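# Reading the structure
The residues making up each chain are set out below.
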Amino acid sequence: MGDHHHDHDHAHGHDHDHAPIEEVAAAPVEDRILETAIRELLIEKGVISAEDVHRQIDIVDSRNPALGARVVARAWTDPDFKARLIEHPLKTIQDTFGMDMTSPLELVVLENTPEVHNVVVCTLCSCYPRMLLGIPPAWYKAVDYRSRVVREPRAVLAEFGVTLPDAQEVRVSDSTADLRFLVLPARPEGTEGWSEEALAAIVTRDCMIGTGLPDPAVKRDEAA
Amino acid sequence: MLDAPYRYKPGDRVRVAQKPAERHCRTPSYLRGKPGVVMSVTGAYRNPSLLAFHKPGLPVIPLYRVRFRQDDVWEDVTGSPDSVAADIYEHWLLPADGSDTGETSHG
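Bear in mind that the values here come from a model prediction, so they are computed numbers and not experimental data. (Residues numbered from 1 in each chain as written. Chains lettered and ligands numbered in written order. Predicted model: local features only at pLDDT ≥ 70, side-chain atom pairs only at ≥ 80, totals over all residues. Heavy atoms only, no water.)

The helix and strand inventory of chain A stands at 12 helices and four strands. For chain A, buried positions account for 40% of its 224 residues. Residue pairs in contact within chain A that sit at least 24 positions apart in sequence constitute 62% of those at least 6 positions apart. For chain A, the computed accessible surface area is about 12200 Å², with 54% contributed by carbon and sulfur atoms. (Helix = DSSP H or I, 4+ residues; strand = E, 2+ residues; numbered from the N terminus. Buried < 20%, exposed > 50% of the residue type's maximum accessible area, 1.4 Å probe, protein only. Contact = heavy atoms within 4.5 Å. Areas by Shrake-Rupley, 256 points an atom, 1.4 Å probe, with all protein chains shown as cover.)

Right under this line is the structure:
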């Protein structure tokens, strides 16, 4: 930020460019005050209860990349599960893992193959498979990622440390409507005979967005 | 329920209409006017441009998953193996060979 060392609270109207790191900071204080005010009013007027709010927070907290990783690891080890996952993703996850997957949105599983590598974005806002993976990472919601990954996908992937063969199609799925996307990465070589837990441990959140690849070298000893 | 049958099927060549955006429009500007191929018919959904304003959003509109080649989306890209797949509502799609810009289509 160079010339921007002075302290102020950012409740400001000046027009300099903000570095990307500032765009991904916590919600502005005005937004947090607005959220608190609306929440308290809705509770006061009996539209929703405090319990409703806490229940919803609990649901959101229960959805995280670890859940997605279990789904991917199961798909790698159980072909029948994988077939059902691709055919009916939310129902299969609900039936297998016991999570309530009721959602007005549909989940689509995008399987990576030697021919196609899938990457997910929402260029319009921040649509994300929250019902499975929880809250998206800050960079996923940043203008930088959203605008660039459809324009120069390979350059963006390289910044994530992912370099793909020229012949493999990079297919960027833009979450424009009622579908949400989960990337099913390819099971890496060198993981033959691994337990489902060991496999899940190498499935990172980025692998399921398509900005990462599972790396057997990071296998944690305790998970083996 | 759908009023009419689905207009497109997988493999159909289509073009995204070049028309002014609706409020809460879910058709990204970078794809407007661009040619693509229908990958799948994903179902029929309430109109998001109406839902966003607390309207019922009915009748439901068919939604298609459409694949666009990077070469067709960006003028300065040639010979790329890469693509964008986006979900486009039927009232934003036209047959690829038509000269209609979509200005007069419903929605």
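A word on the confidence of the model for chain B. In this model, chain B carries a mean pLDDT of 88, and residues with pLDDT of at least 70 account for 89%. Note on the complex model: pTM 0.84, ipTM 0.89. (pLDDT = per-residue confidence, 0-100.)

Time to look at the packing of helix 4 (residues 65-77) of chain A against helix 6 (residues 89-97) of chain A. All names here are of chain A. Interaxial distance between helix 4 and helix 6 falls to 12 Å at its minimum, and their mutual angle equals 95°. Here helix 6 runs roughly perpendicular to helix 4, going by the angle between their axes. Every residue of helix 6 that contacts helix 4 at R70, V71 and R74 is listed here: I93, T96 and F97. When grouped by side-chain class, the residues that make up the contact of helix 4 with helix 6 number three nonpolar, one polar and two charged. (Axes fitted to C-alpha atoms, helices over the stretch in contact; angles between N-to-C directions. Parallel < 35°, antiparallel > 145°, perpendicular 65-115°, else oblique. Nonpolar A, V, L, I, M, F, W, Y, C, P; charged D, E, K, R; others polar.)

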